[in-house]
Amino acid sequence: MIEFSTQTKKKLEECLTHYPTRQAALLPTLWLAQEEFGTVTLEVMEYVAGLLDISPAHVYSVATFYTMFHLKPVGKYHLQVCRTLSCALMGGERILDHLKKRLGIEEGEVTPNGKFSLCAVECLASCGTAPAMMINEKYYENLDVQKVEKILDELK
Ligand code: FES
């Protein structure tokens, strides 16, 4: 059975002080769970449900709605390419297609060496500098194929 580390339990207790009910802290608790376990599996969702006294089905509905929660393992570098309007108009689809070819994977897949995973996501709130993508927590903006190549070459 899984369990948060002592450090994460302390973070959760502190986090809960900012919310009117335990149930209201679902999103930050899912973040903590992802930080702790790497992926938000069904087992993790059940654990979070127990912590917050809500149904596993509710946790599942939230965890599967947001693309930022990893329901299965991702690569060392997790690439999230925006597919929403501004980015689409500015060539986001070209960027995504290029990444698929370059990495040899489709959306939702991880390269065999575990280095890269790829997904398309909705607006990253960087519409003014479209097309945009995130790699892990970092933003990359005003992309074109040449820039993407340079970025990938620099990732060790
Ligand atoms: S549409 Fe791509 S960042 Fe908003």
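Please read these numbers as outputs of a predicted model, since none were measured by experiment. (Residues numbered from 1 in each chain as written. Predicted model: local features only at pLDDT ≥ 70, side-chain atom pairs only at ≥ 80, totals over all residues.)

Asker: Sorry, what's going on with helix α2 (residues 26–37) here?
Answerer: In an α-helix there are 3.6 residues to a turn, and that puts residues three or four apart on one side. Helix length check: α2 (12 residues) gives 16 Å between terminal C-alpha atoms against 16 Å at 1.5 Å per residue, within 8%. Positive backbone phi, at 90°, marks Gly38, one or two positions downstream of α2. (Helix = DSSP H or I, 4+ residues; strand = E, 2+ residues; numbered from the N terminus. Expected span 1.5 Å × (residues − 1).)

Asker: Help me out: how do you make sense of the packing of α2 against helix α3 (residues 42–52) in this one?
Answerer: Axes are the key here: two packed helices are described by the angle between their axes and the distance separating the axes. One way to put it is that α2 packs onto α3 with a least axis distance of 10 Å and a crossing angle of 135°. With respect to each other, α2 and α3 are oriented oblique. Note that α2 runs across α3; the crossing there is right-handed. Seen from α2, the contacting residues are Leu26, Thr29, Leu30, Ala33 and Phe37; seen from α3, they are Val44, Val48, Leu51 and Leu52. (Axes fitted to C-alpha atoms, helices over the stretch in contact; angles between N-to-C directions. Parallel < 35°, antiparallel > 145°, perpendicular 65-115°, else oblique. Left-handed = near helix turned anticlockwise from the far one by under 90°. Contact = placed C-beta atoms within 7 Å.)

Asker: How should I be thinking about the environment of Met68 in this particular structure?
Answerer: With respect to the secondary-structure elements, Met68 resides in the loop between α4 (56–63) and β1 (77–82). Among the residues examined, Met68 registers 15 C-beta atoms within 10 Å and is labelled partly exposed. The spatial distance from the C-alpha of Met68 to the C-alpha of Leu32 is 13 Å, given a sequence separation of 36 residues. (Buried ≥ 20, exposed ≤ 12 C-beta atoms within 10 Å, placed from the backbone.)

Asker: Honestly, the domain arrangement of the protein chain in this entry has me stumped. Any pointers?
Answerer: Many descriptions give the size of an interface as the accessible area lost when the pieces come together. Looking at the assigned domains, one finds that the protein chain contains domain 1 (6–63) and domain 2 (77–154). Averaged C-alpha coordinates put domain 1 and domain 2 at centres separated by 29 Å. (Domains from an automatic or database assignment.)

Asker: Quick question: what am I supposed to make of the nonpolar core here?
Answerer: Within soluble globular proteins, side chains that are nonpolar tend to cluster in buried spots. Membership of the largest hydrophobic core comes to 16 residues, with the highest contact counts inside it found for Leu79, Val81, Cys82, Ile95, Leu99, Ala132 and Met133. Taken together, the elements giving at least two residues each to this core come down to β1, α6 (92–103) and β2 (116–121). Those residues in contact with Cys82 that sit more than four places away from it in its chain are Cys87, Gly92, Val121, Cys123, Leu124, Pro131, Ala132 and Met133. Membership of the second largest hydrophobic core comes to 12 residues, among which are Val40, Val48, Leu51 and Ala63. (Core = buried A, V, L, I, M, F, W, Y, C linked by C-beta atoms within 7 Å.)

Asker: Looking at this structure, how should I read unusual backbone geometry?
Answerer: Backbone geometry follows two general trends: most residues other than glycine have a negative phi, and most peptide bonds adopt the trans configuration. For the bond from Ala130 to Pro131, the omega torsion is -5°, close enough to zero to count as cis. Its place among the elements puts Pro131 in the loop between β2 and β3 (133–135). For Asn136, which is not a glycine, the phi torsion comes out positive at approximately 55°. If you trace the backbone, Asn136 turns up in the loop between β3 and β4 (138–140). Taking the number of C-beta atoms within 10 Å as the measure of exposure, Asn136 has 12 and is therefore exposed. With a phi close to 50°, Asn142 is a non-glycine residue in the positive phi region. Inspection of the secondary structure puts Asn142 in the loop between β4 and α7 (145–154). What makes Asn142 exposed here is the crowd of 12 C-beta atoms within 10 Å.

Asker: Quick question: what am I supposed to make of the sheet that holds β1 here?
Answerer: Paired through their backbone hydrogen bonds, the strands of a sheet run either parallel or antiparallel. The strand order β2-β1-β3-β4 describes an open sheet built from four strands, whose pairing is mixed. Edge positions in the sheet fall to β2 and β4, since each of these pairs with one other strand and no more. Adjacent strand axes in the sheet meet at a mean angle of 25°, parallel and antiparallel pairs treated alike. The sheet contact formed by β1 and β3 spans three bridges and is antiparallel. By the bridge assignment for β3, Leu79 is matched with Ile135. Along the sheet, α6 makes contact with β1, β2 and β3, crossing β1 at roughly 150°. (Pairing = 2+ DSSP bridges.)

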